[in-house]
Amino acid sequence: PESLEAAIFARAREGFTARMTAGFCWPWSQPEPDGTLVPDVTVGDFERPWNARADAKGLARGVPKSDFWAYDPRGIGQIGCVYTAQGFEFDYVGVIWGNDLVFDPDASRWVGRPSASRDTAVKRGDDFVNLVKNTYRVLLSRGMKGCYVHFLDRNTERFVRSRLEGDSPPPPSRTQSEAVVPASPP
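Overview of the structure.

Looking only at helices and strands, the protein chain has five helices and nine strands in total. Considering the protein chain as a whole, with its 186 residues, one finds that 47% of them fall into the buried category. Taking the intrachain contacts of the protein chain between residues at least 6 apart in sequence as the baseline, contacts between residues at least 24 apart amount to 66%. On the protein chain, roughly 9,800 Å² of surface is accessible, and the fraction owed to carbon and sulfur atoms is 50%.

All right, on to the packing of aromatic side chains then. Under the definition given, this model contains 16 aromatic pairs. Between Trp97 and Trp110 the ring centres are 5.8 Å apart and the planes differ by 15°, which places this aromatic pair in the stacked class. Here the residue Trp97 occupies a position in strand β5 (residues 90–97), and Trp110 occupies one in strand β7 (residues 109–112), the gap between them amounting to 13 residues. Owing to a relative accessible area of 18%, Trp110 belongs among the buried residues under this scheme.

Time to look at helix α1 (residues 2–13). For an α-helix, the turn length of 3.6 residues means that residues three or four places apart are oriented alike. The first and last C-alpha atoms of α1 sit 16 Å apart over twelve residues, in line with the 16 Å expected at 1.5 Å per residue. Within α1, burial applies to Leu4, Glu5, Ala7 and Ile8. Viewed along the axis of α1, the buried residues span an arc of 160°, placing them on a single side of the element. Buried residues in α1 make contact with β1 (18–22), β3 (46–48), β5 and β8 (143–151). Gly15, located one to two residues past α1, shows a positive phi value of around 100°.

Of note in this structure, Ser108 is not a glycine but carries a positive phi near 55°. Tracing the chain through its elements places Ser108 in the loop between β6 (101–104) and β7. Accessibility expressed as a relative area gives 53% for Ser108, which makes it exposed.

What counts and what doesn't
Residues numbered from 1 in each chain as written. Predicted model: local features only at pLDDT ≥ 70, side-chain atom pairs only at ≥ 80, totals over all residues. Heavy atoms only, no water. Helix = DSSP H or I, 4+ residues; strand = E, 2+ residues; numbered from the N terminus. Buried < 20%, exposed > 50% of the residue type's maximum accessible area, 1.4 Å probe, protein only. Contact = heavy atoms within 4.5 Å. Areas by Shrake-Rupley, 256 points an atom, 1.4 Å probe, with all protein chains shown as cover. Phe/Tyr/Trp six-rings, centres within 6.5 Å; stacked < 30°, edge-to-face > 60°. Expected span 1.5 Å × (residues − 1). Arc of directions from axis to C-beta.

The quantities given are spatial measurements derived from coordinates; they are silent on function.
Put into structure tokens, the structure is as follows:
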């Protein structure tokens, strides 16, 4: 996720709108007593906070309220989820694809893992797999010019890469990797 974040920051420095998002696979804590955000989204050594919750009070200076996360420049160091990213479009979006939805190549099907989800509304739903597929469809479609993706599951990454048009660079040789998914031309 570090290189995904570096790409998002680089695009923002170039003057593009850019944000990072993730599947709802980590807790979304209330702010610390000092108003700072808890780094709930953790992948190895990578730790970042979700954007501020809608009901957050007493936020520290420099932490935008949830309504402003998408376009306040101070929101770039925070991760958005489907609930804060839907309805917004950016030039570039970064997506951390969690373990709540993985592709099983042996069965040739998507597998939902409710135990990896922190989205109580989706976990209570009747069709977990389709609800989480929709979550990633929303997140992946927020970038108008391009989308960077970090996959926690290698088989899911392989499946998604196999569905991309054109040449996609081979994945790095590590357990977790990211893919650059260019947006369709206008």
